[in-house]
Amino acid sequence: MLSLTLRCGAEYFLDGLLVETILSNLGATDLAAVAASCSSLRRPCEAVAATSLRLLLVRMQTEPVRAELVRGAIARLMLWELIAADCHLWLQADERYLTLAERFGTSYVQACADRSGSGHGAYSHLNGPEFLPDALHGCGVFLFDGAAVLKTRPFTEPIPQPITLMVVAKARGDTTIID
C-alpha cells in the first residue's frame, strides 16, 4: 500500500499492483520524471524500469554489455530505449516471423516480418531465398542463390545518416550482399 499526501493536504492510498500497472505504461523519461517528483515512487519506478528493461532486452535478443557503466534501472532503460528506437529494420530467419512457400520439399521465404516494430517487413521479389531452419548452430538461415531477393517497401522518411548495417553472412568473393 502506497500513501501519498498532496500539497492540499489530501491523503491517498494506492495498491502496489495499481501503481505498478500505471507505471508500466510509462517510458524511461516519464519514469525518471515521476521518480524525481515523488520520493515515495522512486523505488516502484526503478522496479518497473528493471522489468521493462528485461523485457526489452529479451525482445531484442541481447545482453546488456555496458549496463554496468550506467547506474539505476531507469537510466539503463533510457539507454536501451534509444537503441531500440534507432533499429529501423530487423529481419530474422526464424519460422515465427516468416511466411513460407513449399516447393519440391524445399521452403522458400515469401515474406519476413520486421522484428524492430517499425513495420518494414520484407517480401520476396519473384524468387525468395531458401529457408533452412537449423543450419547454423540450431538457428535458421536465408540461403540466397544469386537470384533470390527480399525487398521492403520504401520507408516513409529517409533513414538518418550515417547508418549502421549488421549482416551475418557467409558469401563468396563475387557476391553482392547489400545493393
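As a reminder, the structure under discussion sits directly above these lines.
Residues numbered from 1 in each chain as written. Predicted model: local features only at pLDDT ≥ 70, side-chain atom pairs only at ≥ 80, totals over all residues. Heavy atoms only, no water.

Here we look at the packing of aromatic side chains
To be explicit about the condition: Only centres within 6.5 Å qualify two rings of Phe, Tyr or Trp (six-membered ring in Trp) as a pair; their planes then separate them into stacked at under 30 degrees, edge-to-face at over 60, and tilted for everything else. Put simply, a charge is over a ring when the Lys NZ or the Arg CZ is close to the ring centre, within 6 Å, and near the line of the ring normal, within 35 degrees.
A complete count under the given rule lists one aromatic pair for this structure. Sitting over the ring of Y108, R103 keeps its end group 4.2 Å from the ring centre. In this structure, R115 is placed above the aromatic ring of W90, and the distance from its NZ or CZ to the ring centre is 4.4 Å.

Some details on the packing of helix 1 (residues 16-23) against helix 3 (residues 42-59)
Quick reminder of the rule: Axis definition: a line fit to C-alpha positions, over the contact stretch in the case of helices; interaxial angles, taken between N-to-C directions, run 0 to 180 degrees. A run of H or I in DSSP counts as a helix once it spans at least four residues, and a run of E counts as a strand once it spans at least two, with each numbered from the N terminus. Orientation is classified from the angle alone, with under 35 degrees giving roughly parallel, over 145 giving roughly antiparallel, 65 to 115 giving roughly perpendicular, and any other angle giving oblique. Left-handed describes a crossing whose near helix is turned anticlockwise from the far helix by less than a right angle; the clockwise case is right-handed. Any two residues whose heavy atoms approach within 4.5 Å at even a single point are treated as in contact. Think of it as three bins: nonpolar holds Ala, Val, Leu, Ile, Met, Phe, Trp, Tyr, Cys and Pro, charged holds Asp, Glu, Lys and Arg, and polar takes everything else, Gly as well.
Close contact between helix 1 and helix 3 brings their axes to 10 Å; oriented N to C, the two are set at 55°. With respect to each other, helix 1 and helix 3 are oriented oblique. Remark: the crossing between helix 1 and helix 3 carries right-handed chirality. Counting all contacts with helix 1, which are made through V19, E20 and L23, the residues of helix 3 involved are P44, C45 and V48. Tallied by class, the residues present in the contact of helix 1 with helix 3 amount to five nonpolar, no polar and one charged.

Remarks on the nonpolar core
The cut-off we apply is this: As used in this record, nonpolar core signifies buried Ala, Val, Leu, Ile, Met, Phe, Trp, Tyr and Cys residues forming a set joined through side-chain atoms within 4.5 Å. Burial here depends on accessible area, computed with a 1.4 Å probe over protein chains only, as a share of the maximum for the residue type. Under 20% is buried, over 50% is exposed, and the range in between is partly exposed.
Of all hydrophobic cores here, the largest spans 21 residues; its most connected members are L31, C45 and L77. Listed by contribution, the elements that provide at least two residues to this core are helix 1, helix 2 (28-37), helix 3 and helix 4 (73-85). Residue contributions to this core peak at seven residues, all from helix 3. Setting aside anything within four residues of it in sequence, one finds C45 in contact with L23, L31, V34, A35 and I74. Judged by nonpolar contacts, the second largest core, of eight residues, contains A93, V109, C112 and F131.

Here we look at the state of the cysteines
Note the cut-off: Pairs of cysteine sulfur atoms within 2.5 Å are identified as disulfides in what follows.
A full pass over the atoms with the stated rule returns zero disulfides. In this structure C45 is not part of a disulfide, and its nearest cysteine sulfur, from C38, lies 8.2 Å away. Take C45: its relative accessible area is 0%, and that puts it in the buried class.

Quick word on helix 3
Threshold: Any helix carries an expected span of 1.5 Å times its number of residues minus one.
Look at helix 3: 26 Å from first C-alpha to last across 18 residues, which is about the 26 Å you get at 1.5 Å a residue. Burial in helix 3 covers these residues: C45, V48, A49, A50, S52, L53, L56 and L57. Against the buried residues of helix 3 lie helix 1, helix 2 and helix 4. Among the residues trailing helix 3, Q61 stands out with phi positive, at a value near 50°.

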